Amino acid sequence: MTQDDSHLDRTWLLYGGSATRPHQRGSALQQVMDAPVLSWSGPCRLHTWQGTITSAPCAASSSQDRVTPLLPGVRGPLGSPEGPHHGAPPLTIEIEEAMPSVESVYLRSPRRVQTLLANAASLKEWRRRYGHGFDALLADYESRDRWTREELDAFSDAQRTLALARAARTEHYQEVFRRLGAHWTDFVHREAFSQLPVTTKQELRENPESFRPRGQLPTDRVIGSSGTTGVPLKLLKDAESTQAHWAVWWRYRRWHGLDLDTPYALFGGRRIMHTDQGSPYWLHNRVGRETRYSTHHISRVTAPEYVGQLNAERTTWIHGLSSSIANLARFIVEDDLRVTAPVRVVSLGAEGLLPWQADVIEQAFGPRPIHHYGLTEGAANASICPDGSLHVDEDFGYVELVGSPDEPQRIVGTPFTNEATALLRYDTGDLARALTSTCSCGRATWLLDGIDGRSDETIELPDGRLVGPRWAFREKLNVREAQIVQHRDLGLTVRVTPGPAWGEHDELDVVSALRTYVGEDIPIKVQPVESVPKTASGKLRLVVREG
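Residues numbered from 1 in each chain as written. Predicted model: local features only at pLDDT ≥ 70, side-chain atom pairs only at ≥ 80, totals over all residues. Heavy atoms only, no water.

Caption draft 1: Summary view of the overall build of the protein chain. Within the protein chain, the secondary structure is distributed over 12 helices and 26 strands. Across the 547 residues that make up the protein chain, the buried fraction comes to 50%. Considering only contacts in the protein chain between residues 6 or more positions apart, those separated by 24 or more positions represent 64%. Summed over its atoms, the accessible surface of the protein chain is roughly 25800 Å², and 51% of this surface lies on carbon and sulfur atoms. (Helix = DSSP H or I, 4+ residues; strand = E, 2+ residues; numbered from the N terminus. Buried < 20%, exposed > 50% of the residue type's maximum accessible area, 1.4 Å probe, protein only. Contact = heavy atoms within 4.5 Å. Areas by Shrake-Rupley, 256 points an atom, 1.4 Å probe, with all protein chains shown as cover.)

Rendered as structure tokens:
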């Protein structure tokens, strides 16, 4: 039996043709022995005498002493004479009862309780990110900030070798090397390393344990990420890799005059209040020195309250999702709301940044927004410097661009940290273009010409080619938000939140900008909407495919 019984309500034991009445097993189970009749249907777990576990929908009734797992090929209730387990040792069926999630409990709590819970969670996260060892890691990253090209290459080569050795202890890469008839040391040099097969998200998603070079430690943590696809991915990270991730991000932030004690306004994707709750639309996280604003309540009606709070707190730093901050910014600009807060920095993450978003954010708050590129897996990272160039953080991971240089290439990365999960040449699913120029800031790291979106944010052409439409929106278009829906017949519907004085000519501009990338063979329809749909985590997907 599983030891985590918090989600279980009842247990049935099946012997041949009958089932016992529900009984209590542990304090987490409710006492239902006195219930005269129990009727129930829903998910359950099947525990055979051999210890195997299967999830299945079930139906149960204590009046019939019977539980029915609804499994393919089962003609009748397990334990009944016509069922496959007649005469077999006992089969235990644990009936799961839906329990409210932590988030739903939080969202239904009073405002004061929400603030207390948020601060408690933040304290735990603060210690995880910035506890013992963080200062030394940050100092290490900053010491490499002005390294020469030769120093960076030597460090990268050494770290890539360590990543290979770590991967050689995993089930997944042992099989890769076996198939190639090679030893991991055969791939130490860059040219040979580039011949290794790319690791996909699907491989990691389907069997994350096969990427673990050692057993799980108490200090390890499973990190969940769905990205913009909505498909869950679970990654085991060790304590140092989590701190390293934040150290490289704080190096970038410190380039722009920010520090750990700088108060800021956070516009993140996670819900901080229930949809039905009213003003105020923020809560104070004293631990992180942040005011968390609800991105799910921003509207033309509520925008003055958001601006009023930013002004009252004399906010100097705003951070969060580009789509949410741009959404607030457009109401500020269109309704001529006055921002008196001395905003110095607007930093963006977790989403791509489109030109019209950057323009309206700058118009509303003053500074041009800055951004960095990173992902949960820690396979690649890039940071924008004060001179406006996007630098690959070469001391954080080994980054390659794969594909034709004539179009956006896939970002493939090998992390230098994380002893709990090993990844080699991991396909991030993101696209970018490389620059051959150097930056006026003097840093020797190579540059990206922005992030062009995800490889799954592409449009399929009639000849089978896939093109990324993100560059189409570098045009000066009169739109606040946009999302492209590709239908099964390959036709496109472009959902746009119109800009001021929207007219037919603006619609033609959108179509013309897209035609540059998709050609003339695909029908394009523009659909004005009040707001473009977001993912559950509040992110804006540029391309959505039907079916």
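Caption draft 2: Region of interest: the environment of N478. Looking at the element boundaries, N478 is found in the loop between β22 (466–467) and β23 (479–486). N478 has contacts with P498, G499, P500, A501, W502 and D506, leaving out every residue within four places of it along the chain. For N478, the side chain forms a polar contact with the main-chain oxygen of P500, separated by 2.8 Å. (Polar contact = N/O pair within 3.5 Å; in protein donor to acceptor, adjacent residues only side chain to side chain.)

Caption draft 3: Structural context of the sheet that holds strand β26 (residues 543–545). Spatial ordering of the open sheet is given by β25-β24-β23-β26, a layout of four strands whose pairing is mixed. Edge strands, defined here as strands with exactly one partner in the open sheet, are β25 (524–528) and β26. Adjacent strand axes in the sheet meet at a mean angle of 25 degrees when their direction is disregarded. Pairing between β23 and strand β24 (residues 492–498): seven bridges, direction antiparallel. (Pairing = 2+ DSSP bridges. Axes fitted to C-alpha atoms, helices over the stretch in contact; angles between N-to-C directions.)

Caption draft 4: Representation of unusual backbone geometry in the model. Note that the residue after S279, namely P280, is joined by a cis bond; omega there is 0 degrees. When you line up the elements, P280 lands in the loop between β9 (264–267) and β10 (282–285). Positive phi values are uncommon outside glycine, yet R289 reaches one of about 55 degrees. Relative to the helices and strands, R289 is located in the loop between β10 and β11 (290–293). With phi around 55 degrees, R314 is a residue other than glycine that occupies positive phi space. In this fold, R314 is placed in the loop between α9 (303–312) and β12 (317–320).

Caption draft 5: View of the pattern of salt bridges. Within the structure shown, the criterion is met by 27 salt bridges. Salt-bridge contacts for R221 lead to E125; the nearest nitrogen and oxygen are separated by 3.2 Å. Separated by 96 residues along the polypeptide, R221 in strand β7 (residues 221–225) and E125 in helix α2 (residues 111–130) bring together distant segments of the chain. What makes E125 buried here is its relative accessible area of 17%. Between D145 and R443 there is a salt bridge whose closest N-O contact spans 3.0 Å. With D145 in the loop between α3 (134–143) and α4 (149–167) and R443 in the loop between β19 (426–435) and β20 (447–454), this residue pair connects regions lying 298 residues apart in the sequence. (Salt bridge = Lys/Arg side-chain N within 4 Å of Asp/Glu carboxyl O.)

Caption draft 6: View of the packing of aromatic side chains. One pass over the structure, following the stated rule, counts 18 aromatic pairs. Pairing W147 with F155 gives two aromatic rings, centres 5.6 Å apart and planes at 75 degrees, and the pair type is edge-to-face. For W147, a relative accessible area of 24% translates into the label partly exposed. Their ring planes at 80 degrees and their centres at 5.7 Å tell us that Y173 and F211 sit as a pair that is edge-to-face. Taken together, the positions of Y173 in helix α5 (residues 171–180) and F211 in the loop between α7 (201–206) and β7 put the pair 38 residues apart, joining distant regions of the chain. For the pair formed by Y173 and F211, the shared burial category is buried. The residue whose ring lies beneath R160 is F193, and the NZ or CZ to ring-centre distance is 5.6 Å. Here the basic side chain of R160 rests over the ring of Y398, its NZ or CZ set 4.6 Å away from the ring centre. (Phe/Tyr/Trp six-rings, centres within 6.5 Å; stacked < 30°, edge-to-face > 60°. Lys NZ or Arg CZ within 6 Å of the ring centre and 35° of its normal.)

Caption draft 7: Summary view of the pairing of β19. With seven of 10 residues buried, β19 lies mostly within the body of the structure. As judged from the four bridges shared by strand β18 (residues 409–415) and β19, these two strands associate in the antiparallel manner. Within β19, the residue paired with Q409 across the bridge is A432.

Caption draft 8: Region of interest: the nonpolar core. Ranked by internal contacts, the top residues of the largest apolar core, which has 58 residues, are Y173, F177, W250 and L424. When near neighbours in sequence (up to four residues on either side) are disregarded, L424 contacts A163, L164, A167, Y173, F177, F193, L196, T199, G413 and T414. (Core = buried A, V, L, I, M, F, W, Y, C linked by side-chain atoms within 4.5 Å.)

Caption draft 9: Broad picture of the packing of α2 against helix α8 (residues 239–255). For the pair α2 and α8, interaxial distance at closest approach is 7 Å and the crossing angle is 85 degrees. Compared by their axis directions, α2 and α8 come out roughly perpendicular. In this structure, α2 uses R128, R129 and Y130 to contact α8, whose residues at the interface are T242, Q243, W246 and W250. Grouping the constituent residues of the contact of α2 with α8 by class yields three nonpolar, two polar and two charged. (Parallel < 35°, antiparallel > 145°, perpendicular 65-115°, else oblique. Nonpolar A, V, L, I, M, F, W, Y, C, P; charged D, E, K, R; others polar.)

Caption draft 10: Up close: the environment of C439. Mapped onto the fold, C439 is located in the loop between β19 and β20. Separated by 48 residues in the primary sequence, C439 and H391 have C-alpha atoms spaced 8.7 Å apart. With residues up to four places along the chain from it excluded, the contact list for C439 reads C385, D387, S389, H391 and L447.

Caption draft 11: How the structure looks around the confidence of the model for the protein chain. Here the protein chain averages 79 in pLDDT, and 76% of its residues register 70 or above. Across residues 1–99 the pLDDT falls below 50, and counting only partners more than four positions away or on other chains, this stretch makes 194 contacts in the model. Low pLDDT, under 50, characterises residues 226–231; the stretch is placed with 13 contacts to residues that sit more than four places away or in other chains. (pLDDT = per-residue confidence, 0-100.)

Caption draft 12: Broad picture of the side chain of H256. Its place among the elements puts H256 in the loop between α8 and β9. A polar side-chain atom of H256 sits 2.9 Å from the main-chain carbonyl oxygen of I384. Excluding residues that lie within four positions of it along the chain, H256 makes contacts with R344, V345, I370, I384, C385 and P386.

Caption draft 13: Structural view of α5. Of all the positions in α5, only H172, Y173, V176 and F177 are classed as buried. One face of α5 carries all of its buried residues, which in axial projection span an arc of 130 degrees. Among the exposed residues of α5, those pointing more than 90 degrees away from its buried face are E171, R178 and R179. On the buried face of α5, the contacting elements are α4 and α7. G181 sits one or two positions beyond α5 and adopts a positive phi of about 60 degrees. (Arc of directions from axis to C-beta.)

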